[in-house]
Amino acid sequence: MANKQTPIHSGFGPTTTAREVLAGIDLSGKVAVVTGGYAGIGLETTRALAEAGATVVVPARTPDKARGALSGIPTVEQGRMDLLDPSSIDAFANEFLSSGRPLHILINNAGIMATPLIRDARGYESQFSANHLGHFQLTLRLLPALRNARGARVVSLSSRAHQRAGIDFDDPQFERRPYDRWEAYGQSKTANVLFAVELDHRGKENGIRAFAPHPGAVVTDLGRHMTEDELKQYGLSRGLNPGFVPAGKSVAEGGDFTTLEQGAATSVWCATSPQLARMGGVYCQDVDIAPILPPDSASNVGVRSYAIDAKAAERLWLLSERLTGVKFA
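Source: prediction; values computed, not measured. (Residues numbered from 1 in each chain as written. Predicted model: local features only at pLDDT ≥ 70, side-chain atom pairs only at ≥ 80, totals over all residues. Heavy atoms only, no water.)

A.B. asks: Quick rundown of the overall build of the protein chain? Include the residues and the values.
C.D. replies: Broken down by element type, the protein chain carries 11 helices and 11 strands. A total of 329 residues make up the protein chain; the buried ones form 54% of that total. For the protein chain, restricting intrachain contacts to residue pairs at least 6 apart in sequence, the fraction spanning at least 24 positions comes to 71%. For the protein chain, the computed accessible surface area is about 13,900 Å², with 50% contributed by carbon and sulfur atoms. (Helix = DSSP H or I, 4+ residues; strand = E, 2+ residues; numbered from the N terminus. Buried < 20%, exposed > 50% of the residue type's maximum accessible area, 1.4 Å probe, protein only. Contact = heavy atoms within 4.5 Å. Areas by Shrake-Rupley, 256 points an atom, 1.4 Å probe, with all protein chains shown as cover.)

In structure tokens form, the structure reads like this:
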């Protein structure tokens, strides 16, 4: 893994925007699916891909909200899907497959963060279910279309929060251990990286490459479950309007926060860049492949070794097949 998980010095950085990544790239004739592609980073990702010529399909849990957000963006289609509802995932995938189109780009962008303990209808912890298992099922259901693209990329958004926790294979659903919402979030983000590692291993013979980017510290509605004290720790405040207002500086000003345009850049780079041809199974950050962090490192830039461990990736894959009932054909 170490030889793959090495920065390539892309020439981009934390202030790069999605449009800058796509400069000179023509996505005409390409088809993309972006989950959560109607809000926050997902909406900016949808907009950037569509403006570069791609047809972007956005599955939405709240269709009316999506319809309003996507209005005016060219070549966008809307579907219906709830990542906590396996039947809706199957329905969306079947509808897409019935169109007969190849799928060149799948960006597993949607997610939830630091929620109270909520379980889906199967009894699975909601962050592990929505952030990992739902996208696992969706990806495997869409495999025929990904294969037909003859060169597809699957991008599953992770986070530097993966550093909070690995996978507890003995109790991934918090059935016996006390529930910690941040530990649960960290576990789900580690799962996103391990999924990319194993999907790339299994899919590359069919031209399917997988990546797990960290978008940066972006102020979006993802943080709606954070307490006021937690917001203050990050220099944020909850205003009268939806979302959050950063009190700190942006990355361009030497601070911690990235804009939505910058937050979408690493995802779009993973999905489209010719710099990543014949590469995959890596965690990316600041529009580059991230380095592996030493065990004692406190850096925010890099990936923990347990998140790219091949044996853990295979173990999670088998667990995910068992929990979803969906297998890699």
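A.B. asks: Break down the side chain of threonine 190 for me, with residues and values.
C.D. replies: Along the chain, the position of threonine 190 falls in helix H7 (residues 181-203). Classification of threonine 190 by relative accessible area gives buried; the value is 1%. Only 2.6 Å separates the side chain of threonine 190 from the backbone oxygen of alanine 165, close enough to count as a polar contact. Beyond its immediate chain neighbours, meaning those up to four positions away, threonine 190 contacts His162, Ala165, Gly166, Ile167, Tyr306 and Ala307. (Polar contact = N/O pair within 3.5 Å; in protein donor to acceptor, adjacent residues only side chain to side chain.)

A.B. asks: I'd like a rundown of the sheet that holds strand E6 (residues 208-214), residues and numbers included.
C.D. replies: As summarised here, the arrangement of the 7 strands in space is E3-E2-E1-E4-E5-E6-E11, forming an open sheet in which the pairing is parallel. Two strands lie at the open edges of the sheet, namely strand E3 (76-80) and strand E11 (282-285), each paired on one side alone. Averaged over all pairs of adjacent strands, the angle between strand axes in this sheet comes to 20 degrees, irrespective of strand direction. As paired strands, strand E5 (residues 152-156) and E6 are joined by 4 bridges and run parallel to one another. Across the sheet, residue alanine 152 finds its bridge partner in E6, namely isoleucine 208. Sitting on the sheet, helix H3 (residues 63-70) touches strand E2 (55-60) and E3, and the angle it makes with E3 is about 170 degrees. (Pairing = 2+ DSSP bridges. Axes fitted to C-alpha atoms, helices over the stretch in contact; angles between N-to-C directions.)

A.B. asks: Lay out the environment of serine 88 in plain terms, naming residues and giving numbers.
C.D. replies: Positionally, serine 88 belongs in helix H4 (residues 86-98). Judged by its relative accessible area of 13%, serine 88 is buried. When residues no more than four places from it in sequence are discounted, the contact partners of serine 88 are Arg80, Met81 and Asp82.

A.B. asks: Can you lay out the nonpolar core for me, pointing to particular residues and giving the numbers?
C.D. replies: Of all hydrophobic cores here, the largest spans 51 residues; its most connected members are Phe96, Leu103, Leu106 and Leu146. At the level of elements, strand E1 (31-34), H4, helix H5 (126-141), helix H6 (143-148), E5, H7, E6 and helix H11 (310-324) are the ones that each hand at least two residues to this core. When residues no more than four places from it in sequence are discounted, the contact partners of leucine 106 are Val33, Leu138, Thr139, Leu142, Leu146, Arg153, Val154 and Val155. Leu27, Ile41, Ala264 and Ile289 belong to the second-largest nonpolar core, a separate cluster that totals 36 residues. (Core = buried A, V, L, I, M, F, W, Y, C linked by side-chain atoms within 4.5 Å.)

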